[in-house]
Every structure is written in C-alpha cells, then in structure tokens.
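Secondary and tertiary structure notes
One letter stands for each residue in the lines below.
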There are 2 protein chains.
Amino acid sequence: MRHEAAQLWTPDGFVADAVFEVDERGCCIRVDARASRGAAGIVLPGMPNLHSHAFQRAMAGLAERRMHPHDSFWSWRETMYGFAARIGPDDLHAIAAQLYVEMLEAGYTQVCEFHYLHHRPDGARYEDPAAMSLALVEAARETGIGLTLLPVLYMTGGFDGRALSPRQARFRHDVDGYLRLVERLRALESPRLRVGVALHSLRAVPADALAAVLAALDDASLPIHIHIAEQVAEVEDCLAARGARPVEWLLDHAAVDERWCLVHATHLTGDEVRRLARSGAVAGLCPTTEANLGDGVFPLRDFLEAGGRLGIGSDSHVSVSPVEELRWLEYGQRLVTRSRNVAADEAAPSTGERLFAAALAGGAQASGAPIGALRDGARADAVVLDEAAPLLAGRDARCLIDTWLFAGNANLVRETRVAGERLVEGGRHRARDSIAARYRRCMARLVEAD
Amino acid sequence: MRHEAAQLWTPDGFVADAVFEVDERGCCIRVDARASRGAAGIVLPGMPNLHSHAFQRAMAGLAERRMHPHDSFWSWRETMYGFAARIGPDDLHAIAAQLYVEMLEAGYTQVCEFHYLHHRPDGARYEDPAAMSLALVEAARETGIGLTLLPVLYMTGGFDGRALSPRQARFRHDVDGYLRLVERLRALESPRLRVGVALHSLRAVPADALAAVLAALDDASLPIHIHIAEQVAEVEDCLAARGARPVEWLLDHAAVDERWCLVHATHLTGDEVRRLARSGAVAGLCPTTEANLGDGVFPLRDFLEAGGRLGIGSDSHVSVSPVEELRWLEYGQRLVTRSRNVAADEAAPSTGERLFAAALAGGAQASGAPIGALRDGARADAVVLDEAAPLLAGRDARCLIDTWLFAGNANLVRETRVAGERLVEGGRHRARDSIAARYRRCMARLVEAD
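The rules behind the values
Residues numbered from 1 in each chain as written. Chains lettered and ligands numbered in written order. Predicted model: local features only at pLDDT ≥ 70, side-chain atom pairs only at ≥ 80, totals over all residues. Heavy atoms only, no water. Least-squares fit on C-alpha atoms with pLDDT ≥ 70 in both. Contact = heavy atoms within 4.5 Å. Buried area = accessible area lost by both parts, 1.4 Å probe. Salt bridge = Lys/Arg side-chain N within 4 Å of Asp/Glu carboxyl O. Polar contact = N/O pair within 3.5 Å; in protein donor to acceptor, adjacent residues only side chain to side chain. Helix = DSSP H or I, 4+ residues; strand = E, 2+ residues; numbered from the N terminus. Nonpolar A, V, L, I, M, F, W, Y, C, P; charged D, E, K, R; others polar. Buried < 20%, exposed > 50% of the residue type's maximum accessible area, 1.4 Å probe, protein only. Pairing = 2+ DSSP bridges. Phe/Tyr/Trp six-rings, centres within 6.5 Å; stacked < 30°, edge-to-face > 60°. Lys NZ or Arg CZ within 6 Å of the ring centre and 35° of its normal. Core = buried A, V, L, I, M, F, W, Y, C linked by side-chain atoms within 4.5 Å. pLDDT = per-residue confidence, 0-100.

**What to know about the relation of the copies chain B and chain A**
Each copy of the sequence occupies a distinct position, and chain B is placed on chain A by a rotation of 180° and an axial shift of 0.0 Å, giving an RMSD of 0.0 Å. Viewed as a symmetry operation, the transformation between the two copies matches a two-fold axis. A symmetric contact is evident, with 99% of the interface residues of chain B recurring at the interface of chain A.

Structure below.
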C-alpha cells in the first residue's frame with residue numbers, strides 16, 4: 001500500500017513530498033523523498049511508550065488529596081496498593097484497553113508494560129497463573145497497539161531482604177516460577193508482541209536472583225527493564241545496604257548494555273551520568289509521573305552531552321500524551337536552571353526535534369521492536385498530524401515539531417497506524433465507544449467494591 | 001432562564017442537584033442547592049485569565065530553538081520584539097479573536113489584556129491612537145469573552161531611566177498621553193468590558209510617573225497590574241538602582257491593596273511573601289509561560305500559608321488551558337520540594353479544589369468584575385464539563401476537581417457561557433471555523449512579510 005506525506009519525519013529530520021510503501025507484513029519498503037507532488041499530511045513515526053503500569057490508569061486523580069502531614073511517593077504508594085487489590089483479569093483487560101485507545105489517539109504505537117499485578121489479592125495463583133499477563137496481551141490485540149510485555153520479578157520488600165507485605169502478595173514470584181512465566185509468554189511473541197523481563201528494583205530483587213535471571217535468559221535482544229534511583233530514600237537505603245548508589249551498583253554488578261532500560265534514574269552523580277551514557281542503555285524518563293510523585297529532576301543536559309539515550313513513558317498515566325511528557329521534560333529543566341532550550345545545542349538547535357528524535361530512538365531500543373523510524377524494513381507505525389490546525393498556521397517544517405510540542409493544548413493526532421493498519425481516524429480509535437462503555441462498567445464495579 | 005446542575009461548584013465546594021436562574025442582564029439569581037432531582041451536568045464558574053499578551057499567541061512555538069549559547073528570557077524577548085513589529089490592528093484583531101475562541105473553549109470566560117502594542121512600529125500614532133486597543137475590544141465583543149483591558153504604561157528601558165530602544169518604540173507613552181488613552185477606553189465600559197491600568201514594570205515606569213498615574217486615577221475599584229520580580233536580573237538591577245528588591249520597593253512606595261495584581265512575583269524573600277499576602281493584592285501566576293521562559297518557581301506553599309491570594313494567566317499563550325496552568329503550578333512545587341500535594345493542607349485537603357478555588361477568587365479580584373462564583377448578583381459565567389468522559393468514570397464529587405486538573409489530556413469543557421450567553425457548545429465556539437479561517441489568512445500575511 002502506497003502512502004504519501006507532504007512532510008515525513010526521518011532520523012535526519014523532515015523530508016518533503018515523500019512516498020513510502022507498506023508490504024503485507026506491515027513493514028515499510030521503498031521510502032523515497034521528493035517522489036510525490038502536492039502530497040498532504042505531516043507524517044511522523046509512532047512514539048514508543050517505554051513504561052506503563054496499565055492498572056494505574058483507573059486511579060488517576062484519586063491521590064491528589066493530602067492524607068499525611070508530608071505527602072510523598074510513599075504515601076501515594078499506599079493509595080495505589082489499596083486500589084490494586086481490587087483488580088482482577090477482566091478489570092485489567094477493560095482498563096488496559098481504555099488506556100491503549102488513549103495511547104493510540106495520542107500518537108503512541110507501542111507500550112512497554114512493566115507488569116507486576118500477577119496473582120490474586122492474597123497471593124494465590126489464578127487458575128492460569130498467566131491470567132493477568134494475558135489480559136494485557138488481549139487488550140493490546142483488541143486495540144492494535146504494539147506491546148512489549150515485561151513481567152516483573154518482585155521478591156523482597158527492602159534491601160535487607162525482608163518479606164513482602166500482605167498488600168504486595170500479588171506481586172511475588174520466586175526465580176523458577178518467574179522464569180516459567182517468561183517462557184510461557186515468550187511463546188506468544190509476534191510482530192506486535194515482544195516479551196522481555198523487568199526487575200522491579202534493586203530493593204525488590206536480591207543480587208543472586210538478579211544474576212540467576214540474567215544468566216537463564218542470556219539473549220542478545222532481550223529487553224531488560226528496571227526501576228532505579230527514583231527516590232532519594234531508595235538511594236540512601238542502597239548506599240547503606242550495599243555501599244554504593246543504585247545506578248553505580250547496577251553498573252558494577254550487571255553487564256548493562258543496549259538491552260537495558262533504567263526507568264527514572266532521577267538521582268545520579270556526574271560519574272553515574274557518564275557511565276550510564278557510555279553503557280548504551282536507555283534512561284526511561286516519565287516526566288509527568290515523576291512530577292506528580294515529586295521524584296525530582298533528571299540531569300538532562302549533562303546526560304545528553306555525555307551521549308546518553310532516553311525515551312519516555314506515561315508510567316502511572318496521570319497523563320497519556322507524548323506532547324506533555326516531552327514539553328515538561330524540557331520545562332522542568334528550565335525551571336531549575338533558569339534558562340531556555342536546555343535540551344538543544346549548536347548541532348541540534350531545535351529543542352523539540354532533539355527531544356522527539358531522542359525519544360523515538362530510545363523508545364524503540366527499549367521496546368526491542370523495529371520501530372521508531374519510517375525506514376525500509378521497519379514496522380510501519382505512523383501518526384498523521386492535523387495540518388489544518390490553527391496552531392500550525394504559518395509554521396514551516398523547521399518549526400513544526402517545536403510548535404507541536406511546545407504550544408497549544410488540542411491533540412493534533414488525526415490518524416494512527418500500527419504495522420500499516422489504520423486504528424485511529426479523525427482522531428478517534430475505531431473501537432473508542434465500545435471500549436469506553438466497558439471501562440465505565442468496570443469502574444462502576446470497582447467503586448462498588450470499595 | 002433556569003439552569004440545572006447535578007453538581008454545581010460554589011465557594012463552599014460542590015452542591016448537588018442545584019438550580020440557578022439568569023436574569024435578562026446575564027446575572028445569577030436564586031441559586032438553590034437540592035432544588036432539582038435528576039439534573040445533569042457538572043457546572044463550574046468560568047475561570048478568569050488574569051494575564052494575556054494576545055499577539056504572542058501567533059508566535060507560540062517559534063522560540064524553542066537555541067539561538068544563543070545560553071538562551072534565556074532575554075533572548076526570547078528579542079524574538080518576540082521582531083515578531084511584534086509586524087502586527088497591525090487587523091492582525092491583532094484576527095489573532096486575539098482566535099485566542100479568545102481557544103480561551104472560551106478551555107473554560108476561561110474573562111481575560112485581562114496587559115496591552116502594550118499601542119503605536120505603529122516606528123512609534124508614530126495610528127490615525128486613531130486607540131486603534132490597537134480597539135482591536136482587542138472588538139475581538140472580545142465578537143467572541144463574547146469578558147475583557148479587562150489594561151493599557152500599559154511603558155516609558156523607559158531600564159532602572160537608569162534610559163530611553164526605549166527602537167524596537168520598543170511602539171510601546172511608548174508619556175503620562176498625559178497615557179491618561180488620555182485610559183479615559184478614552186473607560187468611556188466604553190460595559191458589563192463585559194472593564195478598563196484598568198497596567199504599569200509595565202518598575203524598570204519601565206519611573207517612580208514619579210507611577211505616582212502621577214495612581215494619583216490621577218484614584219478609584220477604589222480600578223484594577224492595577226504590574227509585571228514584577230519575574231527575572232533574577234531584574235531583582236539585581238532594582239537592588240542596585242533603588243536599594244530594594246522590586247516587590248519590597250513597590251510595597252514601600254505605593255498603597256498596594258486589593259486593586260493590585262502583581263504579575264509573576266516569582267522571586268520573593270520570606271518577608272516579601274508575608275507583606276504581599278497581607279496587602280490583599282493578587283499574585284498573578286503564569287506557570288506555563290514561567291516554565292517556558294525559565295523564570296523560576298514561585299514560593300507557593302509559604303504564600304498560601306501566609307493567606308496570599310493568587311490567580312492564573314496564560315500570558316504568552318504557549319498554553320491556553322486552566323488545567324495545564326494549575327496542574328503545573330502544583331507540579332513545579334513537587335519537583336523542587338520532592339513532596340506531594342504542596343498546595344493542600346489539613347483544612348483544604350484536596351489540592352485541586354484548593355488551587356481551583358484560589359484561582360477563581362483571585363482571578364475575579366484581579367479582573368475587577370463580578371465573576372468567579374455562581375452566586376446571586378454575579379455575572380453568569382459558567383462552564384459545563386463532560387460528565388460522560390471516561391476520565392470521570394467512578395469519580396464522585398469529592399475527587400472531581402482533582403481528577404479534572406491532575407489527570408487526562410482531553411479538554412472536558414463541553415459548554416461555556418458568559419453572562420448567561422452560550423458561546424461554546426459541544427466543545428466548539430459558535431464562530432470557531434470563520435475565526436480560524438481569518439486567523440490562517442492573517443498568519444499567511446505575517447509569514448510573507450517576514
């Protein structure tokens with residue numbers, strides 16, 4: 001199938017009057033610039049969303065009340081645990097499908113699910129121990145989004161190896177049970193489903209378990225994700241227990257490379273910044289969630305100058321928008337440095353293009369999928385912006401991405417395709433209404449159970 | 001005309017099943033709670049937007065490129081001046097009307113125009129010296145939004161009294177000419193048009209001119225706005241020239257009271273925080289612009305604890321959304337304090353409600369108009385949210401405002417009324433398409449002239 005674009009975003013920036021074809025497997029072939037005249041459309045690669053806890057979409061907005069004299073990440077976590085306890089496989093399916101519709105409408109075409117809600121609330125296995133994972137797989141299949149499923153290994157409640165609390169019983173695996181789940185899910189892999197592994201965090205995965213999992217799954221292309229250095233308390237606990245900061249410890253004790261995504265990595269020393277950048281791993285930044293949770297500000301400028309790779313995730317889903325993530329990733333920097341265009345430099349003067357290109361490349365790497373660019377052999381994940389939007393009036397290609405990311409409020413995404421398949425048209429996912437109706441019924445049940 | 005609401009926001013929070021009537025002048029009468037059964041709709045007062053430079057809407061997104069080794073507010077200002085030089089009365093009308101449509105669709109029902117683009121680019125007067133002001137009045141009339149027009153007094157280029165640069169020639173008045181303009185505009189006042197005064201900043205208005213204007217316009221209800229303490233360099237210059245910080249100097253030399261709105265007021269000492277709060281003046285916060293420009297972070301918690309009043313403005317219009325302003329006002333605090341629910345306290349535990357209520361009251365005060373609450377005698381400015389939005393599924397009145405402000409990305413405003421007149425229906429302003437078409441033609445002209 002032949003596609004045209006007045007402006008097509010490539011790893012080298014926009015090319016005009018482009019043509020690309022998509023084969024029957026949903027891959028791009030024959031991408032040519034200046035092959036068309038009078039083509040319409042601003043066409044971008046779909047954005048990978050490298051960090052998601054789908055169930056949290058249903059509690060967005062519920063924790064914006066003061067419940068402690070000093071509210072923090074840790075008090076938020078208690079609210080989240082209470083909510084998580086009520087969610088079963090059907091609920092997770094309904095919530096994730098609603099979320100994935102919103103992602104596709106926002107221009108995300110792949111989502112990395114950092115999935116730890118494995119078992120029944122009391123920790124007992126479901127009849128099918130993979131039931132919750134399969135709910136996510138089904139929600140992705142139903143909506144058409146690409147999924148990188150990352151079942152989470154979660155074993156201990158702190159660096160001292162203490163057992164999980166009763167509220168965390170749903171999350172628990174031993175290494176063998178975990179590896180069985182991973183193997184079961186890897187058998188399902190397809191062009192839109194990758195399976196990788198997630199280590200919840202250094203406090204939740206003992207060092208020997210971490211080593212055992214990595215040894216058992218020695219695969220050069222396996223996505224490996226981990227929460228790290230999100231909170232100052234976590235850095236302090238790690239220093240006390242292991243004599244090193246979390247990122248420092250991980251870099252010393254694991255072969256961190258391009259397979260890895262270090263989620264948050266908020267609190268870094270200059271040395272950790274340089275070592276992480278050199279490793280080739282992706283920093284998984286979640287600006288709206290990190291702001292909502294009061295995590296702190298990532299050292300973006302230093303990390304980019306060191307050649308670091310990054311991507312974005314919507315994480316807790318208080319926001320589902322690559323625009324808000326990238327806008328406020330930059331704005332957080334501006335607020336604390338009192339300067340402008342922090343992510344840009346002489347070689348890459350457009351702040352929007354610099355961040356957009358970085359998030360496409362880093363997100364694709366963290367997803368373990370051939371996405372992030374519309375080039376020969378890549379999966380044809382494409383987003384079409386509304387070129388008639390008043391916001392873009394008078395904007396040439398040079399400032400399109402800046403204007404899209406740093407100005408306006410309306411969602412400009414008109415069309416979203418995954419593997420060439422058109423899922424969003426006129427800004428609406430093709431199953432928006434039925435999926436929203438099922439989500440509303442699910443929420444009514446959950447509220448009643450409260 | 002009789003209106004019903006399943007939930008109606010009042011200064012005491014939501015009341016259920018409310019009824020209110022609007023008389024022929026567009027005022028609320030007979031607001032009653034629990035007077036209806038089975039009413040539909042989440043009805044909020046319209047939000048006042050207390051700081052706008054309408055023409056800047058047309059350049060949103062153009063300054064997100066690195067043009068200096070250390071980009072800042074001051075390099076942004078050069079871009080803005082170059083753009084401003086090309087705008088005449090017809091352009092300003094077209095741009096402002098587009099902006100006001102976007103404001104009404106976002107739930108703003110009143111806008112305070114801090115208007116300094118008075119003359120021809122070379123400083124010569126237009127045939128009608130009020131031509132640019134009248135373009136704003138006409139844009140407000142055409143779209144239906146309430147307008148507080150604040151013609152700006154702009155005289156000098158620094159605390160040393162230096163003359164304005166050629167690029168600032170359009171802004172300049174002497175005190176007599178300025179007072180004539182104010183008087184001319186005050187004669188136009190109506191239920192939807194207030195006229196006040198704006199002093200550009202302490203660096204642009206010499207102390208004697210400031211005193212002369214305030215003496216000439218001694219009116220207990222006159223809105224008086226001023227840019228202040230936005231930039232660290234401005235604080236340093238003021239200290240050097242006048243031996244006091246800007247807010248400190250103003251509080252010492254003017255009778256700052258409820259008529260005043262101090263716009264930005266970003267850089268405050270603890271003493272300035274307490275004195276500003278005690279004065280009864282409103283702090284005019286513009287979180288998205290302040291982030292875009294790298295201004296810094298307002299001391300919100302201390303100011304609220306001292307009883308300070310605040311409102312929000314979209315200022316440069318990189319964003320036109322009370323949701324994004326209030327969300328990121330709070331999030332900026334969370335990022336720098338590493339805690340959550342900063343604006344809330346034990347007496348007002350909902351962060352969203354605390355900020356929403358404050359911005360309604362402070363915005364109304366700064367606007368000098370009987371708005372900000374749907375109560376007897378107030379102008380009937382009302383916004384109806386989409387209660388069927390999936391985002392609000394399972395949310396009761398207690399967390400409606402939190403969810404609206406801190407979660408989701410779609411604009412939930414379905415209907416907006418000003419003085420009882422329905423301007424936005426189904427999320428669309430009644431003249432959206434024709435005003436957008438005119439705006440596009442205007443932008444094509446401006447780009448051609450570049």
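**A few points about the interface of chain B and chain A**
At the interface, 73 residues of chain B touch 72 residues of chain A. Buried area between chain B and chain A, summed over both chains or domains, comes out near 5800 Å², and the portion from carbon and sulfur atoms is 51%. The largest share of the area that chain B buries against chain A comes from Arg65(B), Arg66(B) and Arg340(B), three residues that together contribute 15% of it. At the boundary of chain B and chain A, one finds six salt bridges. Among the salt bridges present, the one from Glu64(A) reaches Arg334(B), with a minimum N-O distance of 2.8 Å. Where chain B packs against chain A, one counts 46 residue pairs in polar contact (both at pLDDT 80 or more). Among the secondary structure elements, those contributing two or more residues to the side of chain B that touches chain A are helix H1 (73–84), helix H2 (89–106), helix H9 (287–292), helix H11 (322–337), helix H12 (351–367), helix H13 (400–406) and helix H14 (432–449) of chain B. Per-element tally for the side of chain B that touches chain A: the top contributor is H11(B), with eight residues. Looking at the side of chain B that touches chain A residue by residue, the classes come out as 32 nonpolar, 21 polar and 20 charged.

**Side note on the pattern of salt bridges**
Applying the stated criterion across every chain yields a total of 60 salt bridges over all chains. For Arg184(B), the salt bridge goes to Asp128(B), with nearest N and O atoms at 2.8 Å. With a gap of 56 residues between them, Arg184(B) in helix H4 (residues 175–186) and Asp128(B) in the loop between strand E6 (108–115) and helix H3 (131–143) connect regions that are remote in the sequence. For Arg184(B), a relative accessible area of 39% translates into the label partly exposed. Where Glu305(B) meets Arg301(B), a salt bridge forms, and the shortest distance between an N and an O atom there is 3.2 Å. Here Arg301(B) and Glu305(B) lie together in helix H10 (residues 300–305), a separation of four residues that amounts to about one turn. The class of Glu305(B) is exposed, set by a relative accessible area of 58%. A relative accessible area of 26% means that Arg301(B) is categorised as partly exposed. Linked through salt bridges whose partners overlap, the residues forming this network are Glu64(A), Glu330(B), Arg334(B) and Arg340(B).

**Digging into the pairing of strand E3 (residues 28–32) of chain B**
All names here are of chain B. Note that strand E2 (residues 13–22) and E3 share three bridges and pair antiparallel. Counted as the bridge partner of Glu 21 is Ile 29 from E3. Count of turn residues in the E2/E3 antiparallel hairpin: five residues, of which Gly 26 carries a positive phi of about 85°.

**Let's talk about the environment of Ser321(B)**
Inspection of the secondary structure puts Ser321(B) in the loop between strand E13 (309–312) and H11. Taking the C-alpha atoms as reference, Ser321(B) lies 9.7 Å from Leu104(B); in sequence the two are 217 residues apart. Among residues more than four places away in sequence, those in contact with Ser321(B) are Asn409(A), Ala106(B) and Tyr108(B). Looking at Ser321(B), its side chain comes within polar contact range of the main-chain nitrogen of Glu324(B), at 3.0 Å.

**Focus on the packing of aromatic side chains**
If you walk through the whole model with that rule in mind, you get 27 aromatic pairs over all chains. Consider the rings of Phe55(A) and Tyr116(A), whose centres lie 5.9 Å apart with planes at 85°: the pair is edge-to-face. With Phe55(A) in the loop between strand E5 (47–52) and helix H1 (73–84) and Tyr116(A) in the loop between strand E6 (108–115) and helix H3 (131–143), the pair connects residues that are 61 residues apart, well separated along the chain. Assigned by exposure class, Phe55(A) and Tyr116(A) land together as buried. Ring centres of Tyr154(B) and Phe171(B) lie 5.1 Å apart, and the angle between their planes is 45°; this geometry places the pair in the tilted category. Residue Tyr154(B) is found in the loop between strand E7 (146–153) and H4, and its partner Phe171(B) is found in the loop between E7 and H4; the two are separated by 17 residues along the sequence. Looking at Tyr154(B), the relative accessible area reads 3%, which means it is buried. In this structure, Arg242(B) packs its charged tip against the face of Trp249(B), placed 4.4 Å from the ring centre. In this structure, Arg334(B) packs its charged tip against the face of Phe406(B), placed 5.4 Å from the ring centre.

**Notes on the nonpolar core**
A general feature of soluble globular proteins is that nonpolar side chains tend to end up buried together. The biggest cluster of nonpolar side chains holds 297 residues, and the ones touching the most others in it are Tyr100(A), Trp260(A), Leu262(A), Tyr100(B) and Trp260(B). Setting aside residues up to four positions removed in sequence, Leu262(A) forms contacts with Ile226(A), Ile228(A), Val247(A), Leu250(A), Val256(A), Leu276(A), Ala281(A), Val282(A), Ala283(A) and Gly284(A).

**Remarks on the environment of Met59(A)**
When you line up the elements, Met59(A) lands in the loop between E5 and H1. Expressed as a C-alpha distance, the spacing of Met59(A) and Gly284(A), which sit 225 residues apart in the sequence, is 22 Å. Setting aside residues no more than four positions away along its own chain, Met59(A) makes contact with Trp76(A), Thr79(A), Met80(A), Phe83(A) and Arg395(B).

**Brief notes about the confidence of the model for chain A**
Per-chain confidence: chain A averages 95 in pLDDT, with 100% of residues scoring 70 or above. Here the prediction assigns the complex a pTM of 0.97, and the interface score ipTM is 0.97.

**Considerations on the side chain of His264(A)**
Residue and element names in this part refer to chain A. Note that His 264 resides in strand E11 (residues 260–264). At a separation of 3.3 Å, a polar atom in the side chain of His 264 contacts the side chain of Glu 230. Dropping the residues within four chain positions of it, His 264 is found in contact with His 51, His 227, Ile 228, Glu 230, Gly 284, Leu 285, Cys 286, Glu 290, Asp 295, Phe 298 and Asp 315.

**A few points about the sheet that holds strand E1 (residues 2–10) of chain A**
Through backbone hydrogen bonds, the strands of a sheet pair up, either in parallel or in antiparallel fashion. Residues and elements named next belong to chain A. One open sheet holds the eight strands; their spatial order is E3-E2-E1-E4-E14-E15-E16-E17, and the pairing between them is mixed. If you trace the sheet from one side to the other, it starts and ends with strand E3 (28–32) and strand E17 (428–429), each paired once. Bridge count for E1 against strand E2 (residues 13–22) is eight bridges, and the pairing is antiparallel. Pairing of His 3 across the sheet is with Phe 20, part of E2.

**Structural notes on the environment of Glu234(B)**
All names here are of chain B. By secondary structure assignment, the location of Glu 234 is in helix H6 (residues 232–242). With relative accessibility at 6%, the residue Glu 234 sits in the buried group. Sequence spacing of Glu 234 and Glu 142 is 92 residues, and the spatial spacing of their C-alpha atoms is 38 Å. Apart from residues lying up to four places away in sequence, Glu 234 is in contact with Phe 159, Arg 203, His 227, Ile 228, Ala 229 and Pro 246.

**Concerning unusual backbone geometry**
Residue and element names in this part refer to chain B. Phi angles above zero are rare outside glycine, and Ala 229 is one such case at about 55°. Mapped onto the fold, Ala 229 is located in the loop between strand E10 (224–228) and H6. Of the residues examined, Ala 229 reaches a relative accessible area of 0% and is grouped as buried. A positive phi angle is found at Ala 265, which is not glycine, with a value near 50°. Among the secondary structure elements, Ala 265 is positioned in the loop between strand E11 (260–264) and helix H8 (270–279). A relative accessible area of 0% means that Ala 265 is categorised as buried.

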